[in-house]
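The chain contents come next:
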Amino acid sequence: MTSPGSSTAALGPTDGSEVGNGRPPRRATRPPWPLVATCAAISLVFVLPLVVVVVRAIDVGLRFDADSLAPAGRSLLLASTVAAATAVVGTAAAWLAVRSDLPARRLWAVLFALPLAIPSYIGAFCLQAAFATGGLVTQALSPLATVTFPRVEGFWAAFTVLTALTYPYVYLPVAARLRGMPPSHEESARLLGSGPLVTFRRLVLPQVGAAVAAGSLLVFLYVLSDFGAVQLLRYDTLTRVIFANQLDRQIALPAALQLSALALIVVVGERAVRRDPQASAHGVVPLQVPLRRWRAAAVMASGAVVGIGLVAPLLVLAYWVLRGLTAQTERPDLGELVQLTANTAVVSLSAAAVAVLVALPLAFLVARYRGVAAATVNAVVVLGFAVPGLVLALALVTIALGGGGLLAALYQTTPLLIVAYVIHFGAQALRSVSVGVAALPDSLSDAARLLGARRLRRLLTIELPLVRPSVMAGGGLVLLSVAKELPATLLLAPAGFATLATRIWSATEDAFWTDASVMALVLVAVSGLLTWLLVVRRADGLG
């Protein structure tokens, strides 16, 4: 999925129409049949899991009683409340970072985006570890009183964690939109006596409304498909039901169908929101509104947002690492840490390499040709991104176990795990590679053709070298997503194979706080570096 702002374009796929904006127009001619045949075969792999979920869910029988619909209601409640909260927090953060005279606002602009590096299950783990017996909060209160907190769980815990970690999905597109807005209208309104709040409500908010809506829908989709946070915090949503009943197809498959339907509705809504993009003015100097007496309050509010979403989780992780090292009761196994990091790197790099290879022919079709074939291929790949990872994994398990023969042999193997990653995150690679392909000038290929270069030679010596930056960026986005991925890895990973994410998960469930903290710090460090390189630096004005 994408947002209107360029800063979050890298977070999700887009359709072909957007790819061509400002670049050579797509061709009305028919694409070559080998390209269409290749893309059709790839598309079948992408769409097959969802077809299996629909068919098998109908086979086992759909239920519409209160017990089966209650988890869907809780999923919708959590997703809608988190989306509403992030719309407020993300928009306010973007306005402070772009349009106000907040002290050190360029630093705040970066800090506001960094909670993206922390997966939701690590955020939930930090919240529980902070209030656990011997945790950071109880130790801080120990000079005053001995306090034992009840287990942190339920709706409000999940709401807090997911809001604190997902507001950047709203912040980034809104900040990009604010940077592109010319200040002349706001200056005119203020010269006519309009106050800052009235100017914001009447002029600014309508212009950033599409960005706010798109970011909020992205948050809504994220929360719908989230598994780690709701599982650790024991809030019974559809993903918890699916995971708990993964061997009971009578319950898991209808729940998976409900979740997929909700996700697809959100995707359709997101596409409707960005159907009428507003033009941005490049090179303008954003208007700065003096905060005056609200400056201290704005700094405190910014500190609270960054503190909850970024600083507090890192402090909790560092505390448990130091506590384990000094107490020598729970020393981390460095050999295991290296092995887990290597496993994570192997599957992430493999998935990234396969994803960009798959995305290349798709990108040439989507970015260069109009027509039904290109639109269908693009929609199918986006569909794979929209379907939650847990549903995708359940579908692949069903296909493998029900297929017999070679398919059954693929169950819990690395190749099937890579297939799941590519289906789920391939749209990110397609988005990035399509932008590079759309930017290829036709004149170079035409000149090479006149000089006698055949199609394969033109591809290898001219086109691929030119799209290499886009290919690397797309691969990097897939690598970042796979490194943090949890539910599909839990269901599909080979027996005895663990990644940083799955080991953090098992250590958290066993209350091995130090082990979980060490591995979480490593994962957050890697994720933070990639987030900085692939998302934050690419955001307008942050680099």
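Residues numbered from 1 in each chain as written. Predicted model: local features only at pLDDT ≥ 70, side-chain atom pairs only at ≥ 80, totals over all residues. Heavy atoms only, no water.

With that out of the way, let us pick up the overall build of the protein chain. Summing up its helical and strand segments, the protein chain has 24 helices and zero strands in all. A total of 543 residues make up the protein chain; the buried ones form 55% of that total. A total accessible area of about 23400 Å² is found for the protein chain, and carbon and sulfur atoms account for 67% of it. (Helix = DSSP H or I, 4+ residues; strand = E, 2+ residues; numbered from the N terminus. Buried < 20%, exposed > 50% of the residue type's maximum accessible area, 1.4 Å probe, protein only. Areas by Shrake-Rupley, 256 points an atom, 1.4 Å probe, with all protein chains shown as cover.)

Taken as a whole, the protein chain shows an average pLDDT of 83; of its residues, 89% reach a score of 70 or greater. When the elements of the protein chain are averaged for pLDDT, helix α1 (residues 16-19) gives the smallest value, 42, and helix α7 (residues 155-166) the largest, 94. The model gives residues 1-22 a pLDDT under 50, and that stretch makes 68 contacts with residues more than four places away or in other chains. (pLDDT = per-residue confidence, 0-100. Contact = heavy atoms within 4.5 Å.)

Along the chain, Gly436 turns up in helix α19 (residues 414-438). Residue class for Gly436 comes out buried when judged on its relative accessible area of 10%. When neighbours within four sequence positions are excluded, Gly436 is seen to be in contact with Val467 and Ser470.

Most often, soluble globular proteins have nonpolar side chains that are buried together. Formed by 174 residues in total, the largest nonpolar core has its most connected members in Leu78, Tyr121, Ile122, Tyr171, Leu178 and Leu492. At 16 residues, helix α15 (residues 334-368) tops the list of elements feeding residues into this core. Excluding residues within four positions of it along the chain, Leu78 makes contact with Phe155, Ala158, Phe159, Leu162, Val223, Val230, Tyr235 and Thr237. (Core = buried A, V, L, I, M, F, W, Y, C linked by side-chain atoms within 4.5 Å.)

Summed over all chains, the structure comprises five salt bridges. Here Arg234 and Glu153 are joined by a salt bridge, their closest N and O atoms 3.9 Å apart. Of this pair, Arg234 sits in the loop between α11 (228-232) and α12 (238-244) while Glu153 sits in the loop between α6 (136-141) and α7, placing them 81 residues apart in sequence. Between Arg503 and Glu336 there is a salt bridge, and its shortest N-O distance comes to 2.6 Å. Taken together, the residues Arg503 in helix α23 (residues 500-509) and Glu336 in helix α15 connect sequence positions 167 residues apart. Note on Glu336: relative accessible area 28%, which makes it partly exposed. Within this structure, Arg151, Glu153 and Arg234 form a network of salt bridges that share partners. (Salt bridge = Lys/Arg side-chain N within 4 Å of Asp/Glu carboxyl O.)

Take α7 next. Side chains three or four residues apart in an α-helix point the same way, a direct result of the helix having 3.6 residues per turn. If you check α7, its first and last C-alpha atoms are 16 Å apart, about what twelve residues at 1.5 Å a residue would give, namely 16 Å. Of all twelve residues in α7, ten are buried, a share of seventy percent or more. Among the residues making up α7, those that are buried are Phe155, Ala157, Ala158, Phe159, Val161, Leu162, Thr163, Ala164, Leu165 and Thr166. (Expected span 1.5 Å × (residues − 1).)

As for its placement among the helices and strands, Ser527 is situated in helix α24 (residues 513-536). If we ignore the near neighbours within four places in the chain, the residues touching Ser527 are Ala117, Leu480 and Lys484.

This part is about the packing of aromatic side chains. Across all of its chains, the model carries eleven aromatic pairs by this definition. On the numbers, 6.5 Å between centres and 85° between planes, the contact of Trp95 with Phe200 is edge-to-face. Of the two residues, Trp95 sits in helix α3 (residues 66-99) while Phe200 sits in helix α10 (residues 196-225), which places them 105 residues apart along the sequence. Residue Trp95 is classed as buried on the basis of its relative accessible area of 18%. Here the aromatic rings of Tyr169 and Tyr222 are separated by 5.7 Å at their centres, their planes lie at 40°, and the arrangement is tilted. (Phe/Tyr/Trp six-rings, centres within 6.5 Å; stacked < 30°, edge-to-face > 60°.)

Across the interface, helix α16 (residues 372-386) lies against α19 with an axial gap of 6 Å and an inter-helix angle of 125°. Judged on the interaxial angle alone, α19 and α16 are oblique. Crossing angle aside, the handedness with which α16 passes α19 is left-handed. In this structure, α16 contributes Asn378, Val381, Val382, Gly384 and Phe385 to the contact, and α19 contributes Ile423, His424, Gly426, Ala427, Gln428 and Leu430. Class assignment for the residues of the contact of α16 with α19 results in six nonpolar, five polar and no charged. (Axes fitted to C-alpha atoms, helices over the stretch in contact; angles between N-to-C directions. Parallel < 35°, antiparallel > 145°, perpendicular 65-115°, else oblique. Left-handed = near helix turned anticlockwise from the far one by under 90°. Nonpolar A, V, L, I, M, F, W, Y, C, P; charged D, E, K, R; others polar.)

Nonpolar side chains collect at one region of the surface, where Leu48, Val51, Val54, Val55, Ile58, Leu62, Phe64 and Leu69 lie side by side and expose about 690 Å² of accessible area between them. Sort the elements by how many residues they give to the nonpolar patch and helix α2 (residues 33-60) lands first, with five residues. Inspection of the secondary structure puts Leu62 in the loop between α2 and α3. We classify Leu62 as partly exposed; its relative accessible area is 40%. (Patch = residues over 30% accessible without salt bridge, like charges linked within 9 Å, V, L, I, M, F, W, Y side chains within 5 Å.)

Let us look at unusual backbone geometry. Although it is not a glycine, Ala104 sits at a positive phi angle of roughly 55°. Examined against the element boundaries, Ala104 turns out to sit in the loop between α3 and α4 (105-113). The backbone of Gln412 sits at a positive phi, close to 55°, despite the residue not being glycine. The topology assignment puts Gln412 in the loop between α18 (405-409) and α19.

Turning our attention to the side chain of Thr239. The topology assignment puts Thr239 in helix α12. Relative accessible area serves as the criterion here: at 0%, Thr239 is assigned to the buried category. Among the polar contacts listed, one links the side chain of Thr239 to the side chain of Thr237, at a separation of 3.0 Å. Discounting residues that sit within four places of it in the chain, Thr239 has contacts with Leu224, Ser225, Asp226, Phe227, Val230, Leu259 and Leu390. (Polar contact = N/O pair within 3.5 Å; in protein donor to acceptor, adjacent residues only side chain to side chain.)

In terms of burial, α23 is a largely internal element, eight of the ten residues being buried. Of the residues trailing α23, Ala511 is marked for its positive phi of about 60°.

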